Amino acid sequence: MIKGMDLSSLLEVEQCGGRFYDNGEEKDVMEIFQSYGMDYVRLRLWNDPYAEDGSPYGAGGNDFKTLLKLAKRSLAHGFGFLLDFHYSDFWADPGKQTIPKAWRGLDVDGLEQAVYEYTKDVMEDLHKKGAAPTMVAVGNELSNGLLWPYGKVPNYENIAKLVSAGIRAVRAVDEKVPVMLHLDNGGNNELYRRWFDRYFANGGEDFDYIGMSYYPFWHGSLAALEANMRDLAGRYEKDIIVAEVSMGFTMEDYQKYEQLGDEERKGYATKPELVQGLDYPMTKEGQADFMQDFMTCIKDVPQGRGIGFFYWEPAWLPRHGSEWATKAAREYISEPGAGGNEWANQALFDYDGNALPALTVIRDFSDTI
């Protein structure tokens, strides 16, 4: 079983003073993860995460330079490396898939060519610089498409065209690297069946892995996730990876760590009304129990088709200067509101950077069938 983690914000957290501890001893966070049996790193890539005046968008600042540093560091620790193309200058997800600034004004044929050339250039650069990925995700959380409005659901013809351009570019550089297509809402079987049926019906290129996002406070029960994984594995004969997952360990606020005023911070994603009906409490023990049962669901997918997971941003500590979006970024995605850290209470470290019990569960879990 792949036991991975998305560490895209790590350099920013470290630059803002984040430090990590295991049993009271300060260590490189990658060494800590390695000691707990984690073996893969997922890293996002944004085309140009800066405003026209050079202001950074934050949230890790995941341009190519940042990607390269993290990829080389991950590979030096012996981790696999999943490259996650967003095809946007900032977050791409079911609520927003903003065309990069450099691609504005292109029609769908121009975007198809831009996706191909950009993907190929990135792959070639990583290979030349000794940081070739061992897995590639073409697009991020594609449930509602990509590169809106041209590739927005229900225009599956354009979705298939744009995604396929990325797949072809990956394989033009490295025909052996496995490719993932990733949707959100892992408990929603209807979404996955509709999306992949229409993708293939419109001539979409083949790929290797179906990726899912699964957050229990948004995406239903573990039973729904498991039922979806089982159906998809058999229906499409694809291996399944949960490309994003997390669970909270506390509902305690972390404002004092962020050093932001009330009007400057969005607050955590796990709003009280979202967690009231969860099957697991938002405690350290609840987080650990969730991970045990979650990994069991993956292991139990028939024919070994459930092959692993990536814990999302397990090291995103609440530190002043590391925010989900700067003012410039919020203007780019046309999302009013505040910045701050939305995710710190779902990390695998407490607010002071101490390793949590869920890491021991991850290390000790056996995927032997």
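Structure: above.
Note that residues are indexed from 1 along each chain, following the sequence as it is written. A pLDDT threshold of at least 70 governs which residues receive local features in this predicted model, and a stricter bar of 80 or more applies before side-chain atom pairs are shown or counted, although totals over entire chains, interfaces and linings include all residues. Remark: hydrogens and water are excluded; side-chain values derive from all non-hydrogen atoms of the structure.

Peer 1: Help me get a handle on the packing of aromatic side chains, residues and values and all.
Peer 2: Under the pairing criterion, centres of Phe, Tyr and Trp rings, with the six-membered ring standing for Trp, must be within 6.5 Å; the plane angle then separates stacked pairs below 30 degrees from edge-to-face pairs above 60, leaving the rest tilted. In the structure shown here, the tally under the stated rule is 39 aromatic pairs. Measuring from centroid to centroid gives 5.0 Å for Trp46 and Trp91, while their planes differ by 80°, and the two rings are edge-to-face. Here Trp91 lies in the loop between strand E5 (80-85) and helix H4 (108-128) and Trp46 lies in the loop between strand E4 (40-45) and helix H3 (64-76), a separation of 45 residues in the sequence. Of the two residues, Trp46 and Trp91, both sit in the buried class. Per the convention used, a helix needs a DSSP run of H or I reaching at least four residues, while a strand needs a run of E reaching at least two, with both numbered from the N terminus. Throughout this description, buried means an accessible area under 20% of the type-specific maximum (1.4 Å probe, protein chains only), exposed means over 50%, and partly exposed covers the range between.

Peer 1: With reference to specific residues and values, describe the nonpolar core.
Peer 2: In this text, buried Ala, Val, Leu, Ile, Met, Phe, Trp, Tyr and Cys residues form a nonpolar core when linked through side-chain atoms within 4.5 Å. Counting residues in each nonpolar core, the largest one holds 112 residues, and the members touching the most others are Phe33, Phe90, Leu181, Met291, Phe294 and Phe309. Counting residues in each nonpolar core, the second largest holds eleven residues, with Leu82, Ala137, Tyr209 and Ala243 among its members.

Peer 1: Go over the sheet that holds strand E12 (residues 306-312) with me, naming the residues and quoting the values.
Peer 2: The strand order E1-E4-E5-E6-E9-E10-E11-E12 describes a closed barrel built from eight strands, whose pairing is parallel. On average, adjacent strands in this sheet sit at an angle of 25° to one another, irrespective of strand direction. Residue contacts follow a heavy-atom distance rule, with two residues in contact if any of their heavy atoms lie within 4.5 Å. In this description, a line fitted to the C-alpha atoms serves as the axis of each element, helices being fitted only across the stretch in contact, and the angle between N-to-C directions of two axes falls anywhere from 0 to 180 degrees. Lying over the sheet, H4 contacts E4, E5 and strand E6 (135-138), oriented at roughly 155° with respect to E5. One requirement defines pairing of two strands: DSSP has to find at least two bridges between them.

Peer 1: Before we move on, could you go through the packing of helix H6 (residues 189-201) against helix H7 (residues 222-236) and cite the residues and values that matter?
Peer 2: Where H6 meets H7, the closest approach of the two axes is 10 Å, and the angle between their N-to-C directions is 20°. Between H6 and H7, the interaxial angle falls into the category roughly parallel. Between H6 and H7 the crossing geometry is right-handed. The segment H6 lies against H7, with Asn189, Tyr192, Arg193, Phe196, Asp197 and Phe200 engaging Asn228, Asp231, Leu232, Arg235 and Tyr236. Three residue categories are used. Nonpolar comprises Ala, Val, Leu, Ile, Met, Phe, Trp, Tyr, Cys and Pro, charged comprises Asp, Glu, Lys and Arg, and polar comprises the others, including Gly. Looking at side-chain class alone, the contact of H6 with H7 contains five nonpolar, two polar and four charged residues. An angle counts as roughly parallel when it lies under 35 degrees, as roughly antiparallel when it exceeds 145, as roughly perpendicular when it falls between 65 and 115, and as oblique in every other case. Here a crossing is taken to be left-handed if its near helix is turned anticlockwise relative to the far helix by less than a right angle, and right-handed if that turn runs clockwise.

Peer 1: I'd love a proper account of the environment of Trp312, names of residues and values included.
Peer 2: Counting through the fold element by element, Trp312 comes out in strand E12. The exposure class of Trp312 is buried, given its relative accessible area of 8%. Each C-alpha atom, one on Trp312 and one on Ser74, is 16 Å from the other, the two residues being 238 residues apart in sequence.

Peer 1: Which residues make up H4, and what are the values?
Peer 2: Here the expected length of a helix is defined as 1.5 Å per residue gap, with one fewer gap than residues. In a regular helix each residue adds 1.5 Å, so 21 residues correspond to 30 Å; H4 covers 30 Å between its end C-alpha atoms and thus fits that length. For H4, the set of buried residues is Val108, Gly110, Leu111, Ala114, Val115, Tyr118, Thr119, Val122, Met123 and Leu126. Close packing links the buried residues of H4 with E4, H3, E5, E6 and helix H5 (156-173). Polar contacts here mean pairs of N or O atoms no more than 3.5 Å apart (in protein, one a potential hydrogen donor and the other a potential acceptor; neighbouring residues in sequence count only if both atoms are side-chain atoms). Measuring from the backbone nitrogen of Asp109 back to the side-chain oxygen at the start of H4 gives 3.2 Å, which picks out Asp107 as the cap. Phi turns positive, to about 70°, at Gly130, one or two residues after H4.

Peer 1: Tell me about the side chain of Asp184, residues and numbers included.
Peer 2: For Asp184, the location among the structural elements is in the loop between strand E9 (179-183) and H6. One buried charge, Asp184, has no salt-bridge partner; the nearest side chain with opposite charge is Arg194, at 8.7 Å. A distance of 2.5 Å separates a polar atom in the side chain of Asp184 from a polar atom in the side chain of Ser143. Setting aside anything within four residues of it in sequence, one finds Asp184 in contact with Pro94, Glu141, Ser143, Leu191, Tyr192, Ser213 and His219. Think of it this way: Lys and Arg go in the positive column, Asp and Glu in the negative one, and His and the chain ends go nowhere. Here, a salt bridge means any side-chain nitrogen of Lys or Arg that lies within 4 Å of a carboxyl oxygen of Asp or Glu.

Peer 1: Help me get a handle on the side chain of Asp174, residues and values and all.
Peer 2: Tracing the backbone shows Asp174 in the loop between H5 and E9. We note that Asp174 is buried and unpaired, the nearest opposite charge coming from Lys176 at a distance of 7.3 Å. Side-chain polar atoms of Asp174 contact the backbone nitrogen of Val177, separated by 3.4 Å. When residues no more than four places from it in sequence are discounted, the contact partners of Asp174 are Met123 and His127.

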